[in-house]
Amino acid sequence: MARPGPTGPATAQPTRRGGWQRLRRDWTFVGPAGLIVLLLAVAAIPGLFAGFFGHGDPRACDLHSSQLGPRSGHPFGFDLQGCDVWANVVYGTQSSIAVGLLATAISGTIAVVLGTLAGFNGGWADWLISRLTEVFLGFPFLLAAIVVLNSIGQRTVLTVAVVLGLFGWPTMARLVRASVRQVRSLDYVLAARTMGLGTWRIVTRYVLANGLTPVLILATISIGTVIVAESSLTYLGIGLAPPAISWGLQIADGSRYFQTAPHMIVFPSLFLSLTVLSIIMLGEALRAAFDPKRLQ
Amino acid sequence: MAAAARWGKRLGGLAIVFLGVTFIIYLAVFALPGDPIRAFAGDRPLSESVVSALRAKYHLDDPLWRQYLDYLLGLFQGDLGQSFSGRPVAEQLANRWPVTVVLALTAWVLEIVFGLGLGVVAALKRGSLIDHGLLALTVLASCVPVFVLGVLSQQFFGVELGWLPVAGVRDGWPLSYILPASVIAVFGLSAVSRLMRGAMVENLEADYVRTVRAHGFGEGRIVGLHVMRNSLIPASTYLATDLGYLLGGSVIIEGIFNLPGVGNLLFDSIRAHEGPTVVGIATALIVVFLLTSVLVDALHALLDPRVRRG
């Protein structure tokens, strides 16, 4: 993983500013970034967007309208209970984004702490953390999450995010370790050490500040992965449960009535895919702009 | 000598990973809340004596480390344990694994044939319709969750058009497996073709290709013999790792298409709090996964002389 060479972070430094300048003119960055800002706004104040067509309450349902297709005032139609699909899809954004951000924050924090400990200290700490990382990489992420979530009675946005965060850190930790190791032996870190700066200050101000870019890019992509995992688990009946509003639940409901009411599954699937697509494209655009290997 | 030491170290690392993973799974299954005996009994009331007899039979009152040690001992004697409903876990696995293996191999062959094929064509005809189509497929595969793809294709090809069986394995191979295998393969297929395309493009512009071309060899021979062989390394590494994942069964796909494979058994066992079955399957999956990772290393050394020389 660690591949010290002529393209270390020392040379990445001057390209960083260039990266931002290129990004602002690159539609593969501006497009997804704009969509994500919009989605974040939807997640923060769903009420504003849900009421766009005049029927903003996701829980205002009328069984007379069950499974009715799109019509004026209800562009996405009605679900089985006769609730407005548009309002439900808008409110579903909140759970997905919340789980994605929270779980990634948890796994990112674990990854940075463990990765830095391993990469900066070396020795037995490195050995132990590396083995621990391998162990957690050894079994499928989804399987571990299913086992743990199954024994938790009350599954909320918080518990699902914590479980996904606790199992999602190994790849990121490896990356942190690799970039910390790379930065650790650079001259300016040695200079800081000879100046008598403490380890904590060196790590936070010098090592992490320069070694964190690849991790932030991976974390961006990881938000998308977590959102997919949450909706998959919810679809399997082991993630969020009603009365929570979630795309996974809507897709699970919709899959049973595809022939009579395809709109019930199509719209939440579309929103889910668009969200994941914009997050992953943003991550790829960042990677293309900042990855020194691609700049050669 | 150096190679022997490296392999020794590698196997030692595998042993640590194996012990760590099985222990964590064991902890997750048996230390977390949820009484397996109560779950097994369901709504039927069990008398105190039956409950305590069952607890004694499965050593549920022993300390956890003791249970884990017992489990490991059994494992080394080839015993995967017994489920709470009294069936040997090994027998349950033997019943379910064939379905998963057939599904995995079908998906894997699709990935090899279409992944490598598309990658080669896209690299040779850069900017063509196939090249752009491949990019679109990659985007699709990276953003549409596999369960959405599974449900939509099941409803569309199975229910709406009626071309393929909706669920189950009653129609046998290949009919019952085409749809689920294709859904699983889409993700790996796009990764394989992207890796193949990238490596081919890089190699087509490499100096040694120019040298071979200058020697007057035909284009077919250059591409077929030199470029393709050298470009196979990243894609084949990915394919070998992927086989390990595929053989583990897909909880989601087997669930959607109701295929009686390992993934389905695992999910049902987790829901039913069948601890011994969950741990047994997880152990078997980890062994498969670790074996494939060794295989990947060996394959890597075989294909890339630089790795072999270390």
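Just so you know, these numbers come straight off a predicted model, no measurement behind them.

Points about the overall build of chain A
Each helix and strand counted, chain A has 14 helices and zero strands in total. The N-to-C order of helical and strand elements in chain A reads α-α-α-α-α-α-α-α-α-α-α-α-α-α. When the backbone C-alpha atoms are referred to their principal axes, chain A occupies close to 75 × 45 × 30 Å. Taking the contacts inside chain A whose residues are at least 6 apart along the sequence as the reference set, 71% of them involve residues at least 24 apart. Per element, the accessible surface of chain A, about 13700 Å² overall, is 66% carbon and sulfur. Here chain A holds 21 positive side-chain charges and 12 negative ones, and the gap between their average locations is 15 Å.

So, the interface of chain B and chain A
Residue-level contacts link 33 residues of chain B with 33 residues of chain A. In total, about 3100 Å² of surface goes out of reach between chain B and chain A, with carbon and sulfur atoms giving 79% of it. The set of elements that each furnish at least two residues to the side of chain B that touches chain A consists of helix H1 (2-30), helix H6 (129-143), helix H7 (146-160), helix H11 (251-256), helix H12 (262-271) and helix H13 (275-303) of chain B. Looking at which element gives the most residues to the side of chain B that touches chain A, the answer is H7 of chain B, with eight residues. Of the residues in the side of chain B that touches chain A, the class split is 27 nonpolar, four polar and two charged.

Describing empty space enclosed by the protein
Scanning the entire structure with this criterion turns up one cavity of 30 Å³ or more. Residue lining of the largest cavity: Phe139, Ala144, Val147, Val148 and Phe167 of chain A together with Ile24, Ile25 and Ala28 of chain B, and that is the complete set. When contributions to the lining of the largest cavity are tallied by element, the ones reaching two or more residues are helix H6 (141-150) of chain A together with H1 of chain B. Grouping the constituent residues of the lining of the largest cavity by class yields eight nonpolar, no polar and no charged.

What to know about the pattern of salt bridges
Tallied over the entire structure, the rule returns nine salt bridges over all chains. The salt bridge partner of Glu91 of chain B is Arg87 of chain B, with a shortest N-O separation of 3.3 Å. Residue Glu91 of chain B is classed as partly exposed on the basis of its relative accessible area of 39%. Overlapping salt bridges, with partners in common, bring together Asp126, Arg177 and Arg181 of chain A in one network.

Some thoughts on the nonpolar core
Among the nonpolar cores identified, the biggest contains 134 residues, and Ile146, Leu164 and Leu272 of chain A together with Phe147 of chain B are the most heavily contacted of them. Per-element accounting of this core gives the leading share, 13 residues, to helix H13 (residues 263-290) of chain A. Not counting chain neighbours up to four residues away, the residues in contact with Leu164 of chain A comprise Val99, Ala103, Phe141, Ala145, Val226, Ala229, Glu230 and Leu233 of chain A. Listed in part, the 15 residues of the second largest apolar core include Leu116, Met196, Val201 and Ala235 of chain B.

Comments concerning the packing of aromatic side chains
Applying the stated criterion across every chain, the model contains 14 aromatic pairs over all chains. Consider the rings of Phe76 of chain A and Phe267 of chain A, whose centres lie 3.8 Å apart with planes at 5 degrees: the pair is stacked. Of this pair, Phe76 of chain A sits in the loop between helix H3 (46-50) and helix H4 (85-121) while Phe267 of chain A sits in helix H13, and the two are 191 residues apart along the sequence. Given the relative accessible area of 12%, Phe76 of chain A is considered buried. Looking at Phe267 of chain A, the relative accessible area reads 17%, which means it is buried. Ring centres 5.3 Å apart and planes at 80 degrees place the aromatic pair Phe156 of chain B and Phe157 of chain B in the edge-to-face group. For Phe156 of chain B, a relative accessible area of 40% corresponds to the partly exposed category. Joined through ring pairs, the aromatic side chains of Phe76, Trp86, Trp247, Phe267 and Phe271 of chain A make up one cluster.

Brief notes about the confidence of the model for chain A
All names here are of chain A. When pLDDT is averaged along chain A, the result is 81; 92% of the residues meet or exceed 70. When the elements of chain A are averaged for pLDDT, helix H14 (residues 292-295) gives the smallest value, 50, and helix H7 (residues 157-167) the largest, 91. Low pLDDT (under 50) marks residues 1-14, which in the prediction has 16 contacts with non-local residues, meaning those over four places away or in another chain.

A word on helix H2 (residues 27-44) of chain A
Relative to the 26 Å expected for 18 residues at 1.5 Å per residue, H2 of chain A spans 25 Å between its end C-alpha atoms, a close match to the ideal helical length. For H2 of chain A, the complete set of buried residues consists of Phe29, Pro32, Ala33, Ile36, Leu39, Val42 and Ala43 of chain A.

Quick look at the confidence of the model for chain B
Residue and element names in this part refer to chain B. When pLDDT is averaged along chain B, the result is 82, and 94% of the positions lie at 70 or above. Here helix H14 (residues 305-309) stands out as the least confident element of chain B, with mean pLDDT 64; helix H5 (residues 89-124) is the most confident, with 90. Interface confidence in the predicted complex, given as ipTM, is 0.78; pTM for the same model is 0.83.

Some thoughts on the side chain of Gln154 of chain B
Residue and element names in this part refer to chain B. With respect to the secondary-structure elements, Gln154 resides in helix H7. For Gln154, a relative accessible area of 8% corresponds to the buried category. If near-sequence neighbours (up to four positions away) are discounted, Gln154 is found in contact with Val159, Val166, Ala167, Leu179, Ile256 and Phe257.

Conventions and cut-offs
- Residues numbered from 1 in each chain as written.
- Chains lettered and ligands numbered in written order.
- Predicted model: local features only at pLDDT ≥ 70, side-chain atom pairs only at ≥ 80, totals over all residues.
- Heavy atoms only, no water.
- Helix = DSSP H or I, 4+ residues; strand = E, 2+ residues; numbered from the N terminus.
- Contact = heavy atoms within 4.5 Å.
- Areas by Shrake-Rupley, 256 points an atom, 1.4 Å probe, with all protein chains shown as cover.
- Lys, Arg positive; Asp, Glu negative; His and termini not counted.
- Charge placed at Lys NZ, Arg CZ, Asp CG, Glu CD.
- Buried area = accessible area lost by both parts, 1.4 Å probe.
- Nonpolar A, V, L, I, M, F, W, Y, C, P; charged D, E, K, R; others polar.
- 1 Å grid on protein atoms, 1.4 Å probe; cavity = no way out; pocket = protein on both sides within 12 Å on 5 of 7 lines; lining within 4 Å.
- Points joined across faces, edges and corners; volume = space filled by probe spheres on them.
- Salt bridge = Lys/Arg side-chain N within 4 Å of Asp/Glu carboxyl O.
- Buried < 20%, exposed > 50% of the residue type's maximum accessible area, 1.4 Å probe, protein only.
- Core = buried A, V, L, I, M, F, W, Y, C linked by side-chain atoms within 4.5 Å.
- Phe/Tyr/Trp six-rings, centres within 6.5 Å; stacked < 30°, edge-to-face > 60°.
- pLDDT = per-residue confidence, 0-100.
- Expected span 1.5 Å × (residues − 1).

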